[in-house]
Amino acid sequence: MILADQLPWGDDDWRRILRTAVRDPETLHKRLNLEATEADWLDSPAFEVLVPEPYLARIQPGNPRDPLLLQVAPSRLEEALVDGYTPDPLNESSSMDSPGIMKKYSGRALYLATSECPIHCRYCFRRHFPYAENRSDSVEQVLETVRNDDSIQELILSGGDPLLLSDDRLNHLLQEAASVAHLKTIRLHTRFVVVIPQRVTSGLIDALSNARQKIVLVTHVNHPREIDSDVASAFQILQCADLTLLNQSVLLRDVNDSSDVLAELSQRLFEIGVLPYYLHLLDKVEGAAHFDVAEDEALKIYRGLQTQLPGYLVPRLARESPGAAFKTLVVPNGS
């Protein structure tokens, strides 16, 4: 068992890795030994390229169809205008309750802790979100909103990625939240641990371990090859902090649209202490239509997944609809 004080990396390594991430298609081509003619990419995408080194190292060089690469490469298909695909597919702008706080579901409030991410996933449902108009950098203001609404039992830290906050800022937020008596759970949605596992630092573990509320960390892994030995070590360390670790995936065309791939993913997640939670149908965000898997095909894949795994390793197939009071489970007949 690896303990926080035995981390194989330093507390500031993640910042250096983020600073040196690949940020343009040309460099991505060169790093992966791809000719420009092998991959039909945008030269200057409006949604910028961002791929950090640990994630880049897992992509197979010379393979323009690598499932990890497809998630981060700026395909020209992003320029296609497809009916039903919009900049705000979940109508989140109308869910803003106050600066930085979004309320979509009963008993929960979502805090847009940051507008930045450590990786730019091309299917991101917030790739067009107007963060400048809807964020608050004041933790005190956000927590005052939560404090004044005793129906809120869970605060969800999202963004962007909340682990872009420094350990000190995150610790400050968690310690301030400790005084909100009706707040029972704090949930963090993050892709950081997968794309830059070095973000799991001793300071982060201390902050999460010392929180009064129960901490739930929801990660986002779509393919089993996203999990290497460093990612496994990072989650092993997080387990020591007594967190609930869950995973949500998005069903993506040519990435994980296979029951075999999804079964391998669930098994690999369980090996590192993470429980499969949701398998989302794609949110219909403008620029991502080429990733979509039709619902009837998704159900066939899901039935195959059910036959391969015990029930506790089968994530719930779901979609999110704007204005709905909860996520809609997509259930095969007979399930």
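In short, a report on the structure. (Residues numbered from 1 in each chain as written. Predicted model: local features only at pLDDT ≥ 70, side-chain atom pairs only at ≥ 80, totals over all residues. Heavy atoms only, no water.)

## Regarding the overall build of the protein
Stage number 1. The secondary structure content of the protein amounts to 12 helices and 10 strands.
Stage number 2. Its C-alpha atoms put the protein at 55 × 45 × 45 Å along the principal axes.
Stage number 3. Here the protein holds 335 residues, and 55% of them are scored as buried.
Stage number 4. Once local pairs closer than 6 in sequence are excluded, the contacts in the protein between residues at least 24 apart make up 82%.
Stage number 5. Charged side chains of the protein number 33 positive and 48 negative; the gap between the two group centres comes to 3 Å. (Helix = DSSP H or I, 4+ residues; strand = E, 2+ residues; numbered from the N terminus. Buried < 20%, exposed > 50% of the residue type's maximum accessible area, 1.4 Å probe, protein only. Contact = heavy atoms within 4.5 Å. Lys, Arg positive; Asp, Glu negative; His and termini not counted. Charge placed at Lys NZ, Arg CZ, Asp CG, Glu CD.)

## A short note on the pairing of strand S4 (residues 154-158)
Stage number 1. By the criterion of burial, S4 is predominantly enclosed, with 5 of the 5 residues buried.
Stage number 2. Neither face of S4 is left uncovered, since the one carrying Glu154, Ile156 and Ser158 and the one carrying Leu155 and Leu157 both have all their residues buried.
Stage number 3. Bridge count between strand S3 (residues 108-112) and S4: 5 bridges; the pairing is parallel. Residue pairing across strands places leucine 112 opposite serine 158, the latter belonging to S4.
Stage number 4. Strand direction decides the pairing type here: S4 and strand S5 (residues 185-189), joined by 4 bridges, are parallel. Paired with leucine 155 across the strands is isoleucine 186, a residue of S5. (Pairing = 2+ DSSP bridges.)

## A short note on the packing of helix H11 (residues 259-271) against helix H12 (residues 295-308)
Stage number 1. The contact between H11 and H12 brings their axes to 8 Å, and the two run at 45°. When the interaxial angle is binned, H11 and H12 end up oblique. Between H11 and H12 lies a crossing of right-handed hand. Between H11 and H12, the residues in contact are Ser259, Asp260, Leu262 and Ala263 and Ile301, Gly304, Leu305 and Gln308, respectively.
Stage number 2. In terms of residue class, the contact of H11 with H12 is made up of 4 nonpolar, 3 polar and 1 charged. (Axes fitted to C-alpha atoms, helices over the stretch in contact; angles between N-to-C directions. Parallel < 35°, antiparallel > 145°, perpendicular 65-115°, else oblique. Left-handed = near helix turned anticlockwise from the far one by under 90°. Nonpolar A, V, L, I, M, F, W, Y, C, P; charged D, E, K, R; others polar.)

## Some words on H12
Stage number 1. An ideal rise of 1.5 Å per residue puts 20 Å on 14 residues; H12 measures up with 20 Å between its terminal C-alpha atoms.
Stage number 2. Contact partners of the buried residues in H12: H11, strand S8 (275-280) and strand S9 (316-319). (Expected span 1.5 Å × (residues − 1).)

## A few points about the packing of helix H7 (residues 167-177) against helix H9 (residues 202-209)
Stage number 1. One way to put it is that H7 packs onto H9 with a least axis distance of 9 Å and a crossing angle of 0°. Here H7 is positioned roughly parallel relative to H9, judged by the angle of their axes. From H7, Asp167, Leu170, Asn171 and Leu174 reach across to H9, where they touch Gly203, Leu204, Ala207 and Leu208.
Stage number 2. Its residues assigned to classes, the contact of H7 with H9 comprises 5 nonpolar, 2 polar and 1 charged.

## Topic: the sheet that holds S8
Strand-to-strand pairing in sheets goes through backbone hydrogen bonds, with the strands running parallel or antiparallel.
Stage number 1. Spatially, 10 strands are ordered S1-S2-S3-S4-S5-S6-S7-S8-S9-S10 in an open sheet, and the strand pairing comes out mixed. Each having just a single partner strand, strand S1 (96-98) and strand S10 (328-329) make up the two edges of the open sheet.
Stage number 2. Inspection of the sheet shows S8 paired to S9 by 3 bridges, in the parallel sense. Across the sheet, tyrosine 278 pairs through a bridge with arginine 316, a residue of S9.
Stage number 3. Sheet strands touched by H11: strand S7 (244-250) and S8. Its angle to S8, the strand with the most contacts, is close to 145°.

## A few points about the side chain of aspartate 161
Stage number 1. Mapped onto the secondary structure, aspartate 161 falls in the loop between S4 and H7.
Stage number 2. The side chain of aspartate 161 is buried and forms no salt bridge, while arginine 199, the nearest opposite charge, is found at 7.1 Å.
Stage number 3. Sequence-distant contacts of aspartate 161, defined by excluding residues within four places in its chain, comprise Thr114, Glu116, Cys117, Pro118, His189, Thr190, Arg191 and Phe192. (Salt bridge = Lys/Arg side-chain N within 4 Å of Asp/Glu carboxyl O.)

## What about helix H6 (residues 139-147)?
Stage number 1. Listed as buried for H6 are Val139, Val142, Leu143 and Val146. Summarising the axial view, the buried residues of H6 lie within an arc of 95°, below the 170-degree limit, and thus occupy one face.
Stage number 2. Where H6 is buried, its residues meet strand S2 (101-102), S3, S4 and H7. (Arc of directions from axis to C-beta.)

## Considerations on empty space enclosed by the protein
Where empty space is left in the structure can be found by rolling a water-sized probe over the atoms.
Stage number 1. Applying the stated criterion across every chain, the model contains 1 cavity of 30 Å³ or more.
Stage number 2. When its volume is computed, the largest cavity comes out at roughly 50 Å³.
Stage number 3. In this structure, the largest cavity is lined by Asn247, Ser249, Leu262, Leu265, Ser266, Leu269, Pro276, Tyr277, Tyr278, Leu279 and Pro315.
Stage number 4. When contributions to the lining of the largest cavity are tallied by element, the ones reaching two or more residues are S7, H11 and S8. (1 Å grid on protein atoms, 1.4 Å probe; cavity = no way out; pocket = protein on both sides within 12 Å on 5 of 7 lines; lining within 4 Å. Points joined across faces, edges and corners; volume = space filled by probe spheres on them.)

## Examining the environment of glutamate 140
Stage number 1. Looking at where glutamate 140 falls in the secondary structure, it is placed in helix H6.
Stage number 2. Judged by its relative accessible area of 44%, glutamate 140 falls in the partly exposed class.
Stage number 3. Sequence separation between glutamate 140 and glutamate 176 is 36 residues, and the spatial gap between their C-alpha atoms is 7.9 Å.

## Some remarks on unusual backbone geometry
Stage number 1. With an omega of 20°, the peptide bond running from glycine 159 to glycine 160 counts as cis.
Stage number 2. Examined against the element boundaries, glycine 160 turns out to sit in the loop between S4 and H7.
Stage number 3. Positive phi is not limited to glycine here, since aspartate 242 has a value of about 60°.
Stage number 4. Considering the arrangement of structural elements, one finds aspartate 242 in the loop between helix H10 (229-239) and S7.
Stage number 5. Residue classification places aspartate 242 among the exposed residues on the basis of a relative accessible area of 59%.
Stage number 6. One non-glycine residue, aspartate 254, adopts positive backbone phi at about 70°.
Stage number 7. Along the chain, the position of aspartate 254 falls in the loop between S7 and H11.

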